[in-house]
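# Structural overview
Okay, here's what each chain looks like letter by letter:
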Amino acid sequence: MKRIIFIVFAIHIALSSCSSLLKKKETFEVGNREFVLNQKPFLIRAAEIHYPRIPKEYWEHRIEMCKSMGMNTICLYVFWNIHEQKMDSFDFEGQNDIKEFCELAQKHGMYIIVRPGPYVCAEWDMGGLPWWLLKKEDIQVRTKEDAFFIERMKIYFSKVAEELAPLTLNNGGNIIMVQVENEYPLYGNDKEYMTLVKDAIVDAGFNNVELFTCAWSHNYKPTMLEGVLPTINFGAGSNIDEQFKDISKDCPTIPLMCSEYWSGWFDHWGRPHATRSVEHMCGSMKDMLDRKISFSLYMAHGGTTFGQWGGANTPPYSTMATSYDYDAPISEAGWVTPKYTAVRELLGNYLNEGEEIPEKIPAQNPVITIPEFTLEEVAPLFSNLPEPKFSEEIKPMEMFDQGWGRILYRTKLPAGDDKRKLLIDEVHDWAVVYVDGEKIGKLDRRRGEKILDLPQTNKETRLDILVEATGRVNFGGGIIDRKGITKSVTVLDNKQKMELKGWEVYNFPVDHKFQASLDYKKSGKIDVPAWYRGTFNLEKVGDTFLNVETWGKGMVWVNGYNIGRYWRIGPQQALYMPGCWLKEGENEIIILDLDTPEACTVEGLDKPVLDDLRPDKTLFSRKEGETLDLSKEKAAMKDSFKSGNKWQKFNFKKTQKCRYFCLEALSGFRNDGMASMAEFYVLDKNGKDISRNDWSIAYADSEEVMQDNNDAAKIFDLQESTFWHTSWSKEKEFPHHVVIDLGKEYDVSGFRYLPRPQENGPAMIKDFRIFLKETPFKK
Ligand code: GLA
Ligand code: CA
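### A short note on the overall build of the protein
Each helix and strand in the protein was counted, giving ten helices and 41 strands. Here the C-alpha atoms of the protein give a radius of gyration of 27 Å, agreeing with the 28 Å that 2.2 N^0.38 yields for 779 residues. Burial analysis of the protein (779 residues in total) assigns 59% to the buried set. The contacts in the protein between residues at least 6 apart in sequence include a share of 80% that link residues at least 24 apart. When the accessible surface of the protein is totalled, it reaches about 31,100 Å², and 49% of it is carbon and sulfur. Considering the protein, the positive charge centre built from 99 side chains and the negative charge centre built from 116 side chains are found 3 Å apart.

Here it is as structure tokens:
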């Protein structure tokens, strides 16, 4: 009997290895000016989608949607911090099962490009780096200088490789390329670090797959690596010949590729919903196709930044909305949009040999509405405090082992008069302050707020500072962004400064278990921070959009799923609620609100609300009644910009002292009355860029902040695709002015200017003057 079993087993093995031999092994190479798949030219048309931004139940639907749009590849970031939320405890199961995600793509004949970081940006908390790195006080990231960072990165890569290295094309899977780091030249110039990352990826197990890097058209060079394909990123509407001019000259044999072709853009809380037109997106896409340039569409489908995973940009600090719709061709809920139809039509004319676009587009998931209901149970924050920790010094939340959420700092405030002020240095990111249980004010990091007036107190009283973390910086030099209070809390009065010590610290984590464990009681709305709980019944389930416009600021959990942050300032007023996380019968919802709600009601809508901004005038760069007065000023320079979309540099005749730098736009190339500018650097006496970390806009005569996200701070937000644009309504015509406060005085010798990226776009400045001052301009 044993023998028979053995023979059957042997035959089985022989047959199965035979069948895998029969399946022809695929090959992929970086060839001469083209990619080569199975010995044939292959143009990559990749669709970027993010597995944590799509409920697992919908992964296959979204992959099929990408396929039906005309894509042949899926591009995916791996988010380190979602897999290693606690140091050394890795999770690649369920929603984190990247292997299953790749296999699903393979099932539909799609190739995969993997981008494992370690840093990914992606408008994601800390750009994908784990928060616990910040427990090391002197941590440095993305550099060889920090051995701990490098060691942790290697461990992480080895875990990713365990999951994905068996799926490279050479191993019979569908992974054709792996990216090394992400837009590194935007952060540093440590080439040895880049080599280390590359070696770590190879050593981890990605040793038989093509590697590539991505950067921008003017900065890809310094970190180019031997044997690694350089590619560049840019957005809808870009001038393709200009973008590829340098790289195609420098690297005459590489296939050209745009690794991130931005289809739209992301949304910030308190700023208008960003969009990019179908014409711009398809225009430069067609230009790439005509030139046989491969691309990955970032995003093909943005999805939702559920939970606490949204990141932030700085300077100035600005936090990401929950929706990552991105104005992408496939909407947040997986719907076909006009962009989708246009891309599908366009790509049909540019298929590789043997490819077809499926005739059918997958059906949209069912949508339901939910009639308005009230959350009737309340658990006030101050009567639901967890066990405190004690700390003599104030410290950020990471030092108390908390990754995300809210933290309450409590101490004693000595008696004193009402001339005193409280200085909180720094609030990361939003705080409500109470003296003796009475709210005395709020502080918002987006405005750099740090100081509050203290009331008179006749005896020692209790001081409570409740701080909410609203997303770690994910881009640029500000990425070491600890949460809570980062430095100190000081009472200032005329005579002295007194730093407060002796803190009781309460941590409010973001997991559902904690929110469900509180003591809820029937009650109406209250005006202190509180959790609200309610239920709603469904006869059938489907996708819906939870309208939370009557709520203040906080986070929502439904049936245990953290569906994200909300904030009354908009522009997003409804949260995408995937039907696969709802149930027939009773469903539970918990909302933590830190600001008072207007009403404790929620309803399910059948469409998103992404563009209902409640404007915050305090953020405008021109305060009411202000007009810049240059009548007594002497210009330091008068000149004209060249047309085109490239960087331009200007030197002053002599170096000058300056803290306030004014650019006056006198005319435009199209004479349409409007001005715009994408990026701006001021040069020090050695011709080097001055750091922009302490910059702020002292004045801008006009900004389009309602219909588009074009405030003046966009000239130093590091993003070349975002720009300051004067109001579309032309409330004011030329001259236009922007004044930058450099934060301190410098000897300045010139400046660098980048126009908006759109070819022959409107509002391009021609003639200009520069004014430099050590003291503020009169306005
Ligand atoms: C860069 C990053 C991406 C993303 C986009 C903007 O290109 O590489 O991760 O942040 O910008 O959406
Ligand atoms: Ca910009």
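Now that the structure has been shown, we can carry on.
### Description of the pattern of salt bridges
Side-chain pairing between opposite charges can occur once the charged atoms of the two side chains come close. Per the stated rule, a full pass over the model turns up 56 salt bridges. Between Asp 444 and Arg 446 there is a salt bridge; the shortest N-O distance is 2.9 Å. When the shortest N-O distance is used, the salt bridge between Arg 769 and Glu 664 registers 2.6 Å. You can see Arg 769 sitting in strand β41 (residues 767-773) and its partner Glu 664 sitting in strand β35 (residues 648-665), a full 105 residues away along the chain. Residue class for Arg 769 comes out partly exposed when judged on its relative accessible area of 27%. A cluster of three or more residues bridged by salt bridges with shared partners is formed by Asp 429, Arg 445, Asp 481 and Lys 483.

### Quick notes on the site of ligand 1
Around ligand 1, a shell composed of 15 residues is seen, among which Tyr 77, Glu 123, Glu 183, Glu 260 and Tyr 326 lie nearest. Within the side chain of Glu 123, an N or O atom sits 2.6 Å from an oxygen atom of ligand 1. Here Glu 260 contributes a side-chain N or O atom positioned 2.3 Å from an oxygen atom of ligand 1. Taking 300 Å² as the accessible area of ligand 1 by itself, protein coverage stands at 100%.

### Some remarks on the coordination of the calcium ion (ligand 2)
The calcium ion (ligand 2) binds to the protein through Ala 678 (O), Glu 679 (OE), Lys 714 (O), Asp 717 (OD), Gln 719 (O), Thr 722 (O) and Thr 722 (OG1); the donor distances cover 2.2 to 2.6 Å. Counting gaps between the donor residues of the calcium ion (ligand 2) yields the pattern A-E-x34-K-x2-D-x1-Q-x2-T. Of this pair, Glu 679 sits in strand β37 (residues 679-684) while Gln 719 sits in the loop between β38 (696-700) and β39 (724-725); the two residues are 40 residues apart in sequence, bridging distant segments of the chain. Taken individually, Glu 679 and Gln 719 each receive the classification buried, so the pair is uniform in this respect.

### Describing the nonpolar core
Ranked by internal contacts, the top residues of the largest apolar core, which has 180 residues, are Ile 44, Ile 74, Leu 164, Met 177, Met 285, Trp 531 and Ile 589. The leading source of residues in this core is helix α5 (residues 147-164), at eight residues. Not counting residues within four places of it along the chain, the set of residues in contact with Met 177 comprises Phe 28, Phe 35, Ile 44, Ile 112, Ile 113, Val 114, Val 209, Glu 210, Phe 212, Leu 229 and Met 257. By size, the runner-up hydrophobic cluster in this structure holds 32 residues, among which are Ala 665, Ile 715, Tyr 746 and Ile 770.

### Considerations on the sheet that holds strand β1 (residues 28-30)
Strand order across the open sheet formed by three strands is β1-β2-β3, with antiparallel pairing between neighbours. The open sheet terminates on both sides in strands that have one partner only, identified here as β1 and β3 (40-42). With strand direction ignored, the average angle separating the axes of adjacent strands in the sheet is 35 degrees. Judged from the three bridges that link them, β1 and strand β2 (residues 35-37) form a sheet pairing that is antiparallel. By the bridge assignment, Val 30 is partnered in β2 with Phe 35.

### Points about the packing of aromatic side chains
This model, assessed by the stated rule, comprises 54 aromatic pairs. Seen from their ring centres, Phe 641 and Tyr 753 are 3.7 Å apart, and the 15 degrees between their planes marks the pair as stacked. One end of the pair, Phe 641, is in the loop between β34 (637-640) and β35; the other, Tyr 753, is in strand β40 (residues 736-754), with 112 residues separating them in the sequence. Note on accessibility: Phe 641 and Tyr 753 belong to one class, buried. The ring centre of Tyr 324 lies 3.6 Å from the NZ or CZ of Arg 53, which sits over that ring. Here the basic side chain of Arg 115 rests over the ring of Tyr 77, its NZ or CZ set 3.9 Å away from the ring centre.

### Here's the deal with the environment of Pro 118
Assignment of secondary structure puts Pro 118 in the loop between β6 (111-115) and α5. Given the relative accessible area of 0%, Pro 118 is considered buried.

### Here's the deal with the packing of helix α8 (residues 278-290) against helix α9 (residues 338-347)
The geometry of α8 relative to α9 is characterised by a closest axis approach of 10 Å and an angle of 20 degrees between their N-to-C directions. What the angle tells us is that α8 and α9 run roughly parallel. Considering only the axes of α8 and α9, their crossing is right-handed. Contacts between α8 and α9 pair Val 278, Met 281, Cys 282, Met 285, Lys 286 and Leu 289 from the former with Pro 338, Lys 339, Ala 342, Val 343, Leu 346 and Leu 347 from the latter. Broken down by class, the residue content of the contact of α8 with α9 amounts to ten nonpolar, no polar and two charged.

### Points about the packing of helix α2 (residues 59-69) against α9
How two helices pack is summed up by the angle between their axes together with the distance between the axes. At their nearest, the axes of α2 and α9 sit 8 Å apart, and the two run at 50 degrees to each other. What the angle tells us is that α2 and α9 run oblique. Of α9, the residues touching α2 (which contributes Met 65, Ser 68 and Met 69) are Tyr 340, Val 343, Arg 344 and Leu 347. Partitioned by chemical class, the residues of the contact of α2 with α9 number five nonpolar, one polar and one charged.

### What about unusual backbone geometry?
The step from Pro 315 to Pro 316 runs through a cis peptide bond, and the omega angle for that step is -15 degrees. Relative to the assigned elements, Pro 316 resides in the loop between β12 (312-313) and β13 (318-319). The residue after Phe 734, namely Pro 735, is reached through a cis peptide bond having omega 0 degrees. As for its placement among the helices and strands, Pro 735 is situated in the loop between β39 and β40. For Asp 401, which is not glycine, the phi torsion reads 65 degrees and is therefore positive. Within the secondary structure, Asp 401 sits in the loop between β16 (389-391) and β17 (406-413). Classification of Asp 401 by relative accessible area gives exposed; the value is 52%. Positive phi, normally seen in glycine, also occurs at Ala 763, with a value near 65 degrees. Mapped onto the secondary structure, Ala 763 falls in the loop between β40 and β41. Classification of Ala 763 by relative accessible area gives buried; the value is 1%.

### A word on the side chain of Asn 233
Looking at the element boundaries, Asn 233 is found in strand β9 (residues 229-235). There is a polar contact of 2.8 Å between the side chain of Asn 233 and the side chain of Glu 183. Once residues lying within four places of it in the same chain are set aside, the contact partners of Asn 233 are Glu 183, Cys 214, Ala 215, Trp 216, Cys 258, Ser 259, Glu 260 and Trp 262.

### With respect to the pairing of strand β19 (residues 430-435)
The element β19 is largely enclosed, with a buried count of six among its six residues. Of the two faces of β19, the one holding Trp 430, Val 432 and Tyr 434 and the one holding Ala 431, Val 433 and Val 435 are both buried throughout. Two strands pair when backbone bridges link them, and β19 and strand β20 (residues 438-444) are joined in this way by six bridges, in the antiparallel orientation. Counterpart to Val 433 in the pairing with β20 is Gly 441. Connecting β19 to the antiparallel partner β20 that follows it, the hairpin turn spans two residues, and Asp 436 within it adopts a positive phi of roughly 55 degrees.

### Some details on helix α6 (residues 191-204)
For α6, built from 14 residues, the straight-helix expectation of 20 Å at 1.5 Å per residue is met to within 8% by its first-to-last C-alpha distance of 20 Å. All of the buried residues along α6 are Tyr 193, Met 194, Val 197, Lys 198, Ala 200 and Ile 201. Summarising the axial view, the buried residues of α6 lie within an arc of 160 degrees, below the 170-degree limit, and thus occupy one face. In α6, the exposed positions angled more than 90 degrees off the buried face are occupied by Glu 192 and Asp 203. Looking at the buried side of α6, the elements it contacts are α5, β7 (175-179) and β8 (210-215). Downstream of α6 by one or two residues, Gly 205 has phi in the positive range, about 140 degrees.

What counts, and where the lines are drawn
- Residues numbered from 1 in each chain as written.
- Chains lettered and ligands numbered in written order.
- Predicted model: local features only at pLDDT ≥ 70, side-chain atom pairs only at ≥ 80, totals over all residues.
- Heavy atoms only, no water.
- Helix = DSSP H or I, 4+ residues; strand = E, 2+ residues; numbered from the N terminus.
- Rg over C-alpha atoms; globule rule 2.2 N^0.38 Å.
- Buried < 20%, exposed > 50% of the residue type's maximum accessible area, 1.4 Å probe, protein only.
- Contact = heavy atoms within 4.5 Å.
- Areas by Shrake-Rupley, 256 points an atom, 1.4 Å probe, with all protein chains shown as cover.
- Lys, Arg positive; Asp, Glu negative; His and termini not counted.
- Charge placed at Lys NZ, Arg CZ, Asp CG, Glu CD.
- Salt bridge = Lys/Arg side-chain N within 4 Å of Asp/Glu carboxyl O.
- Near = heavy atom within 4 Å.
- Polar contact = N/O pair within 3.5 Å; in protein donor to acceptor, adjacent residues only side chain to side chain.
- Donors = N, O, S within 2.8 Å, 3.2 Å for Na, K, Ca; no water.
- Core = buried A, V, L, I, M, F, W, Y, C linked by side-chain atoms within 4.5 Å.
- Pairing = 2+ DSSP bridges.
- Axes fitted to C-alpha atoms, helices over the stretch in contact; angles between N-to-C directions.
- Phe/Tyr/Trp six-rings, centres within 6.5 Å; stacked < 30°, edge-to-face > 60°.
- Lys NZ or Arg CZ within 6 Å of the ring centre and 35° of its normal.
- Parallel < 35°, antiparallel > 145°, perpendicular 65-115°, else oblique.
- Left-handed = near helix turned anticlockwise from the far one by under 90°.
- Nonpolar A, V, L, I, M, F, W, Y, C, P; charged D, E, K, R; others polar.
- Expected span 1.5 Å × (residues − 1).
- Arc of directions from axis to C-beta.

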